[in-house]
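Fold and contact review
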Amino acid sequence: MTKDQRKPPWLKKRLPPLQDLLKVKSILGETDLHTVCEEARCPNLGECFSRGTSTFLILGRVCTRDCGFCAVEHGAPVPLDETEPEKVALAVKKMNLQYVVITSVTRDDLPDGGASLFAKTIQAIRALDPEIKIEVLIPDFQGDSISLEIVLKEGPDVLNHNIETVPRFYPNARPQASYNRSLDLLEGSKKSHPHILTKSGFMVGLGETKQEVVDLLQDLREMGCDFLTIGQYLQPRPDRLPVVRYIPPEEFEEYKKVGEGMGFKFIASGPFVRSSFHAEQIFHTHILKIPVSSCSEQKIQDY
Ligand code: SF4
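Description of the structure in this document. Per chain, residues are indexed from 1 in the order of the written sequence. In keeping with the model being predicted, local features are shown solely for residues with a pLDDT of at least 70 and side-chain atom pairs are shown and tallied solely at 80 or more, while totals for entire chains, interfaces and linings include all residues. To get the side-chain values, all heavy atoms of the structure are used, and hydrogens and water are removed first.

Details of the overall build of the chain
Only DSSP runs of H or I reaching four residues or more are called helices, and only runs of E reaching two or more are called strands; each is numbered from the N terminus. If you tally the helices and strands in the chain, you get 13 helices and eight strands. Computed over its C-alpha atoms, the radius of gyration of the chain comes to 18 Å, within 12% of the 19 Å expected for a compact globule of 303 residues. Expressed as lengths along the three principal axes of its C-alpha atoms, the size of the chain is roughly 45 × 45 × 45 Å. With 303 residues in all, the chain has 54% of them scored as buried. Radius of gyration: over C-alpha atoms. The globule rule applied is 2.2 Å multiplied by the number of residues raised to the 0.38 power. For each residue, the accessible area found with a 1.4 Å probe, counting protein chains only, is set against the maximum for its type, and the residue is called buried under 20%, exposed over 50%, and partly exposed in between.

A look at the packing of aromatic side chains
Ring pairs are drawn from Phe, Tyr and Trp, using the six-membered ring of Trp, whenever the two centres fall within 6.5 Å, and their geometry is named by plane angle: stacked under 30 degrees, edge-to-face over 60, tilted for the rest. Considering all chains together, one arrives at three aromatic pairs under this definition. Considering the side-chain rings of F118 and F141, the 6.3 Å spacing of their centres and the 85 degrees angle between planes classify their relative orientation as edge-to-face. Of the two residues, F118 sits in helix α6 (residues 115–128) while F141 sits in the loop between β4 (133–137) and α7 (145–152), which places them 23 residues apart along the sequence. Assigned by exposure class, F118 and F141 land together as buried. Look at Y170 and Y179: their rings are 5.7 Å apart centre to centre, the planes differ by 85 degrees, and that puts the pair in the edge-to-face class. Each member of the pair, Y170 as well as Y179, carries the same accessibility label: buried. In this arrangement the basic side chain of R221 is found over the ring face of F264, its NZ or CZ atom lying 5.3 Å from the centre. Over a ring means this: the NZ of a Lys or the CZ of an Arg is within 6 Å of the ring centre and within 35 degrees of the ring normal.

Considering the side chain of K7
Within the fold, K7 resides in the loop between α1 (3–6) and α2 (18–31). On the basis of relative accessibility, which here comes to 16%, the residue K7 falls in the buried class. Setting aside its immediate chain neighbours within four residues, K7 contacts K12, L234 and Y246. Note on contacts: a residue pair is in contact if any heavy atoms of the two residues lie within 4.5 Å.

Some thoughts on the packing of α7 against helix α9 (residues 179–192)
Axes here mean lines fitted to C-alpha atoms, for a helix over just the part in contact, with angles spanning 0 to 180 degrees between N-to-C directions. α9 packs onto α7 with a crossing angle of 50 degrees between their chain directions and a minimal axis gap of 11 Å. Classified by the interaxial angle, the pair formed by α7 and α9 is oblique. Crossing handedness for the pair α7 and α9: right-handed. Packed against α7, whose contacting residues are L148, E149 and L152, the element α9 presents L185, G188, S189 and S192 at the interface. Here the term charged refers only to Asp, Glu, Lys and Arg, the term nonpolar to Ala, Val, Leu, Ile, Met, Phe, Trp, Tyr, Cys and Pro, and the term polar to all other amino acids, Gly among them. Of the residues assigned to the contact of α7 with α9, the class counts are three nonpolar, three polar and one charged. Roughly parallel means an angle under 35 degrees; roughly antiparallel, over 145; roughly perpendicular, 65 to 115; everything else is oblique. By definition, turning the near helix anticlockwise from the far helix through less than a right angle yields a left-handed crossing, and turning it clockwise yields a right-handed one.

A short note on the nonpolar core
Side-chain atoms within 4.5 Å are what join buried Ala, Val, Leu, Ile, Met, Phe, Trp, Tyr and Cys residues into a set we call a nonpolar core. Residues F56, F118, V136, I138, V151 and L159 are the most contacted members of the largest nonpolar core, which totals 38 residues. Secondary-structure elements contributing two or more residues to this core are α2, α4 (45–50), β2 (55–58), α5 (84–95), β3 (99–104), α6, β4 and α7. With five residues, the single largest contributor to this core is α6. Those residues in contact with L159 that sit more than four places away from it in its chain are V136, I138, L148, V151, L152, L185, S189, I196, L197, T198 and K199. Counting 29 residues, the second largest nonpolar core, distinct from the first, contains F69, A173, M223 and Y233.

Digging into the pattern of salt bridges
For salt bridges, the criterion is a side-chain nitrogen of Lys or Arg within 4 Å of an Asp or Glu carboxyl oxygen. Overall, the coordinates contain 24 salt bridges when judged by the stated rule. The closest approach of N and O atoms between E39 and R61, which form a salt bridge, is 3.2 Å. Highlighted residues: E39 in helix α3 (residues 36–39) and R61 in the loop between β2 and α5, separated in sequence by 22 residues. Between R65 and D140 there is a salt bridge, and its shortest N-O distance comes to 2.8 Å. Remark: D140 occurs in the loop between β4 and α7 and R65 occurs in the loop between β2 and α5; sequence separation between them is 75 residues.

Describing the sheet that holds strand β1 (residues 34–35)
Strands are labelled as partners when DSSP assigns at least two bridges between them. Overall, mixed pairing links the eight strands, which are arranged β1-β2-β3-β4-β5-β6-β7-β8 in an open sheet. In this open sheet, the two strands that pair with only one neighbour each are β1 and β8 (266–269). With two bridges connecting them, β1 and β2 associate as antiparallel partners. Across the sheet, residue H34 finds its bridge partner in β2, namely L57. In the packing of α9 onto the sheet, the strands contacted are β5 (158–160) and β6 (197–204), and the crossing angle to β6 comes to about 160 degrees.

Focus on α6
Each residue after the first adds 1.5 Å to the expected span of a helix. Here α6 contains 14 residues, and its C-alpha end-to-end distance of 20 Å stays within 8% of the 20 Å for a straight helix at 1.5 Å per residue. Those residues of α6 not exposed but buried are A115, L117, F118, A119, T121, I122, A124 and I125. Packing partners of the buried residues in α6 comprise β2, α5, β3, β4 and α7.

In structure tokens form, the structure reads like this:
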């Protein structure tokens, strides 16, 4: 039996035709940029690329950490490409994006963790068009509040930082991270810049209990986190943590209800939900409450 045959029916996806992905792939090739979609082997890559979107990965493609669930290459970091901000802006222009998600590998080797390159990337996009909405999905900067402030003072529309999993799994899943440090980052952002929306996300299926998920939701809410994403963990390579359970769609619905009852503005919860999947539609439709013509509520609920 293949790995795919073992998956429950709700996790089977049809891939879009290859030609639909080529435009985004060719722009990324021309601008010499990386995306987390490709580096992390995201199951939604086909769908996002065929809709003309992607999540830019800055600060190189080699991470200084080695999280147990992550497919991004780890090892000795590469020198920074100081022209990366302009390259991202050029790709944004070519792709005609109105909502941009920028993320990075974790660069514990850099004094500011790469915060200034995040800041320059925001500046480069805003120089192109100040109306473009920007979501930054940042690492924890090892808890350095000065690095966090470097990013926040550029005024991103959304400050996203993934908590990833329940605290019990941190030693295996995020050995170089800290649950409390991630919570503190979200709280610090909300306290110092209350108008910037905070977002987080985590995976289920690593063996967590329902109570642990509820506790995690409560912790995020207490930090003032505005909205979040919950998705099924899928093992990206054989040497990564195994999937302990495939969570049925009804259970995702349950977490959404429980969390929204706690006061989150919106929770995208479903098997294929990932941190930046449908980020633009969620931001406009569920957070700003502005209908977007390309947005389909059905699509968001339909994972
Ligand atoms: S910090 Fe962890 S999750 Fe993020 S890119 Fe590095 S290894 Fe992957």
